[in-house]
Amino acid sequence: MKYLLQKLGLFVLTLWAAVTLNFFLPRLMPGSPADAAIAKLSQNGPVSDATRAAIEAQLGVPTGSIWDQYVTYLGQVARLDFGVSYTFYPQSVASMVSTALPYTIGLVGIVTVLAFVIGTLIGVAAAWRRGTWLDTLPTLTGSFLSTFPYFWTALLLLFFLGYVLHWFPTTGSYAATTTPGFTGDFIADIARHAVLPALTILLTSLGGWIIGMRNAMINTLGQDYVTFAEANGLRGRTIALRYAARNAILPNLTGFGLTLGGVVGGSILVEQVFGYPGIGYLLFNAVIGQDYPLMQALFLMITVSVLIANFLVDILYGVLDPRTRR
Amino acid sequence: MAKTHMLRRWRRAAIVGLAAAAVVLSGCSIQITSQPDPSIGDDTMLINADHGNPFFTRNFNPYLTNTRTASRWIYEPLILVNPLDGTLNPWLATEWSQPDARTIVMTIRDDVQWSDGEDLTPDDVAFTFQLLKDNPSLDIKGAWQHLASVETDGDDVILHLQSEDAPSLSILGLTMIVPEHLWADVKDPGTFRNEKPVGTGPFVLGNYNDQQYSMDKNPDYWQADSIEIEHIILPATNSQLDTVSRGYDWAYAFISDVEGTWGAASEHNAWWFPPGGVIALMPNLEVAPFDDVNVRRGIALALDREEIAETASEGYMQPAGQTGLILPNQEEYLDPSIPDEGMITQDADAALAAFAEAGYTLDGDRLVGEDGEQLEFALTTANGFTDWTRAAQTVQSQLAKVGVKVTLKLPQPAGYQSAISNGDFEMAIGGMGNGDVYQAYNNLLSSEFYVPSGEATANNFERYRSDEADALLAEYRETVDPARQGEIVQELQGIVYDDLPVIGLYYGGIWGLFNDAKFTGWPTADDPYMIPQNYDSAPLMIFTKLERVKGDDR
């Protein structure tokens, strides 16, 4: 119980720090949202002072002392009211986030779970049969693929499977000619559009899970209790899964918890490359457009989900491994 | 044992790596071809006009900053200006007159209907101007910086100006007109998204989803006979690869090696890149030594504009002269007494002579002042504006050859904008020039925009002040005689040429990409009837000029 309260206190403290940082960081960027909009316009020719005045009137420029703004902001955060987005003006931040979130959770969330499950299973197999092709092949290709920067993998897939072979659509989350709705066609289309970004994330993240699991597993396989189980003549599968893997999975589980927390932030580069309308893309646009309200809502969402994941992993660890509670 | 194992691993890794490298290298020789969507009919145009985001938010309020591009083809202006040369084309106003420099009378076209069947009336025009007055955030072209009041008289709308202000015609003419019978009930026009737009334009909104929308021909359009396009499709995302491979009929993008990419993708692909502005070095005239005209002249003479234009625009754009005019668009305004059409050519000796006038002499490979310090400054441009950055780098290396040390500053676009507005720079890269010559010189030179460094201004970022220029600009405003206006423009050119408030480098490009398989009649250098950009109001004119290639001709 004391352990739980300690962790909860820490959670609240970090949350407050994150919320506060979240308020100050965007304001340290030079220029205002109106400046960003005007700079974009001025590439196509000089912008008149009237246009500037109208844009400033539309987007508004934060007023009042920084302290007043901070208090207002805390109130808004408490009510989960993030106001109107500048880049998508006059759409509300809430409506933009709720449009983008399902795509990100669907794509990045499912792929992350898949990568973790597949990678961990391969890792177990690789460690159990270490030295054979079952070990070297996945370990080598996995580590090779994970050394690529993932936007590079994304670009290669996009170019070859999308533009050269025309196997998969290259952009968007569904074909423009498909009518959105709960129909077989629409779901199939969504899936087709998700293939390339999903493949990118899978390919680049699989290696980490494989190697993590394999190494932890090899470690536990050298423990006395495994040797003892072997000496008792238990079946290989039982030893691999019940004795070794169960203990070896702990560090991977921590990693998984944290990665899941990060899912909400989406995958900025992958979403950018594939024009996928998720949170990552939204965040990119928010930063480019100095869209404070949208940026704050997104950063906060990401921070809170990582913090919650962190908190849950802590609790889970406390349950699984009593030593951490001391 | 362990060693051979390691070696075997390395060999495997090397083989995998080589295979991947081969795949990547072979990619370089793969030609992307255009693959048009077969479901898009011959009467349908695919345009990459509305870009940036994978989401389309449903916003058809034509006065908001991120309105959907097509809202400017649903609503029409009174006068359609060609930004290339400032030509005024009658649009919802059939004609106009300026009985004096304080009054503009516009006659409103009388056979125009809104797409819901109601008639367009002069009252709609008066209502629109009142709407912009009541909601300053919508007044994006600044009509009420010029207007005093608006009244209707039969088919005419009479615009009373605040002062003698003849050039305001082209700004007031840009005002897009909205229907009174629908907009009068809008509670807060400043945040109104206008999801079901009703306008006078050639198209009405068709299907809409957040990845793509379409427009259908408005059968009751007042120029319906001239519109041969039945539908327009606008997809949400348009990467450069998409632009080349997706079979666009009309695209707008700067593309590297346009001939080998856009040109090679289809035999029907054509392009026209006219100059649309002047990219210039903008010294902060309040910062020493740029307050000395000899230093500015030295810099101007030290630059090789051919090389700058070539590097920055990949050779698509020409070097710009020192008159502030965009040539050849504005040739008619050129002062014949200015040598070489205002072009300053590189001349290292003359540059050093000019620097010497300002007290800078060459010491080894450094240009030093009387205090022995090297002449050096920071050049600010915006991160991500790649052509500007390449121009800045070329300027840096060319000035290094005459002993001037230039460091580059590349803030994000918002930071750049804030720096030049507030005078927080020594030298910056910026745009000048405009199809409307008066506006070009007014924005550049008028001391109305002057505030000292540290305070924000919207124009005249270099912080120039000259009584002579102010007097000429004031006289232009009061003059309705085109001949006298022409003389004033020539005098203003002389000021820019002699006083070098900014230093012209090269022209900024307009990147029009067309495909003439389905539609012909695009603007060209021989027939520059409109700027070839597929956003803003320019397409209104181009849509009326395009003709369908019928089955037999194909």
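Residues numbered from 1 in each chain as written. Chains lettered and ligands numbered in written order. Predicted model: local features only at pLDDT ≥ 70, side-chain atom pairs only at ≥ 80, totals over all residues. Heavy atoms only, no water.

Enquirer: So what's going on with the overall build of chain B? Which residues, and what values?
Expert: Within chain B, the regular secondary structure consists of 16 helices and 22 strands. Expected size for 554 residues packed as a compact globule is a radius of gyration near 24 Å; at 27 Å, chain B falls within 12% of this value. The buried share among the 554 residues of chain B stands at 57%. Of the contacts formed within chain B by residues at least 6 apart in sequence, a portion of 71% connects residues at least 24 apart. On chain B, roughly 22,100 Å² of surface is accessible, and the fraction owed to carbon and sulfur atoms is 48%. (Helix = DSSP H or I, 4+ residues; strand = E, 2+ residues; numbered from the N terminus. Rg over C-alpha atoms; globule rule 2.2 N^0.38 Å. Buried < 20%, exposed > 50% of the residue type's maximum accessible area, 1.4 Å probe, protein only. Contact = heavy atoms within 4.5 Å. Areas by Shrake-Rupley, 256 points an atom, 1.4 Å probe, with all protein chains shown as cover.)

Enquirer: Give me the lowdown on the pattern of salt bridges, citing residues and values where you can.
Expert: Residues and elements named next belong to chain B. All chains considered together, the criterion is met by 14 salt bridges over all chains. As a salt-bridge pair, Arg 484 and Glu 491 come within 3.9 Å of each other at their nearest N and O atoms. When its relative accessible area of 37% is taken as the criterion, Glu 491 is described as partly exposed. (Salt bridge = Lys/Arg side-chain N within 4 Å of Asp/Glu carboxyl O.)

Enquirer: Describe unusual backbone geometry, and please don't skip the residues or the numbers.
Expert: Look at the link from Tyr89(A) to Pro90(A): it is a cis peptide, with omega at 0°. Between Ala288(B) and the following residue, Pro289(B), the backbone shows a cis peptide bond with an omega angle of 0°. For Pro289(B), the position within the fold is in the loop between β13 (275–283) and α8 (293–302). Even without being a glycine, Glu341(B) presents a positive backbone phi close to 50°. On the secondary structure map, Glu341(B) appears in the loop between α9 (305–313) and α10 (348–357). For Glu341(B), a relative accessible area of 43% translates into the label partly exposed. Of note in the backbone geometry, Asn460(B) takes a positive phi value of approximately 50° without being a glycine.

Enquirer: Explain the interface of chain B and chain A to me, using residue names and the numbers behind them.
Expert: At the interface, 57 residues of chain B touch 57 residues of chain A. Contact between chain B and chain A buries roughly 4,800 Å² in total, counting both sides, with carbon and sulfur atoms accounting for 62%. When residues of chain B are sorted by the area they lose upon contact with chain A, Phe55(B), Gln211(B) and Gln417(B) head the list and together hold 13% of the total. Inspection of the chain B/chain A interface yields 0 salt bridges. Where chain B touches chain A, the interface holds 7 residue pairs in polar contact (both at pLDDT 80 or more). Broken down by element, the side of chain B that touches chain A gets its largest block of residues, 8 residues, from helix α1 (residues 2–28) of chain B. In terms of residue class, the side of chain B that touches chain A is built from 21 nonpolar, 28 polar and 8 charged. (Buried area = accessible area lost by both parts, 1.4 Å probe. Polar contact = N/O pair within 3.5 Å; in protein donor to acceptor, adjacent residues only side chain to side chain. Nonpolar A, V, L, I, M, F, W, Y, C, P; charged D, E, K, R; others polar.)

Enquirer: How would you summarise the sheet that holds strand β1 (residues 44–46) of chain B if you had to cite specific residues and measurements?
Expert: All names here are of chain B. Ordered by their spatial adjacency, 4 strands build an open sheet running β1-β10-β9-β8, and the pairing between neighbours is mixed. Edge positions in the open sheet fall to β1 and β8 (203–209), since each of these has one partner strand only. Each strand of the sheet is rotated relative to its neighbour by a mean of 20°, with strand direction disregarded. Sheet analysis places β8 next to strand β9 (residues 212–217), joined by 5 bridges and oriented antiparallel. Paired with Val 204 across the bridge in β9 is Asp 216. (Pairing = 2+ DSSP bridges. Axes fitted to C-alpha atoms, helices over the stretch in contact; angles between N-to-C directions.)

Enquirer: Before we move on, could you go through helix α15 (residues 482–499) of chain B and cite the residues and values that matter?
Expert: All names here are of chain B. Here α15 is 18 residues long and its end C-alpha atoms lie 26 Å apart, about the 26 Å a rise of 1.5 Å per residue gives. Taken as a whole, α15 has its buried residues at Gln 485, Ile 488, Val 489, Leu 492, Gln 493, Gly 494, Ile 495 and Val 496. Turning to α15, the residues buried within the fold contact α13 (437–445) and α14 (467–478). Immediately beyond the C-terminal end of α15, within one or two residues, lies Leu 500, with a positive phi of roughly 45°. (Expected span 1.5 Å × (residues − 1).)

Enquirer: Describe in detail the sheet that holds strand β12 (residues 269–272) of chain B, supporting the description with residues and values.
Expert: Residue and element names in this part refer to chain B. What the 3 strands build is an open sheet, ordered β11-β20-β12; its pairing is antiparallel. Lying at the two open borders of the sheet, with one neighbouring strand each, are β11 (250–252) and β12. Across this sheet, the average inter-strand angle for adjacent strands is 20°, counted without regard to direction. With 3 bridges joining them, β11 and strand β20 (residues 512–515) adopt antiparallel strand pairing. Of the residues in β20, the one forming a bridge with Trp 250 is Phe 514.

Enquirer: Which residues make up a nonpolar patch on the surface, and what values go with them?
Expert: Residues and elements named next belong to chain A. Judged by side-chain polarity, Ile 110, Val 113, Leu 114, Val 117, Ile 118, Leu 121 and Leu 260 come together as a nonpolar surface patch covering roughly 570 Å² of accessible area. Broken down by element, the nonpolar patch gets its largest block of residues, 6 residues, from helix α5 (residues 93–128). Position of Val 113 relative to the elements: it lies in helix α5. Val 113 gets classed as partly exposed once you look at its relative accessible area, which sits at 35%. (Patch = residues over 30% accessible without salt bridge, like charges linked within 9 Å, V, L, I, M, F, W, Y side chains within 5 Å.)

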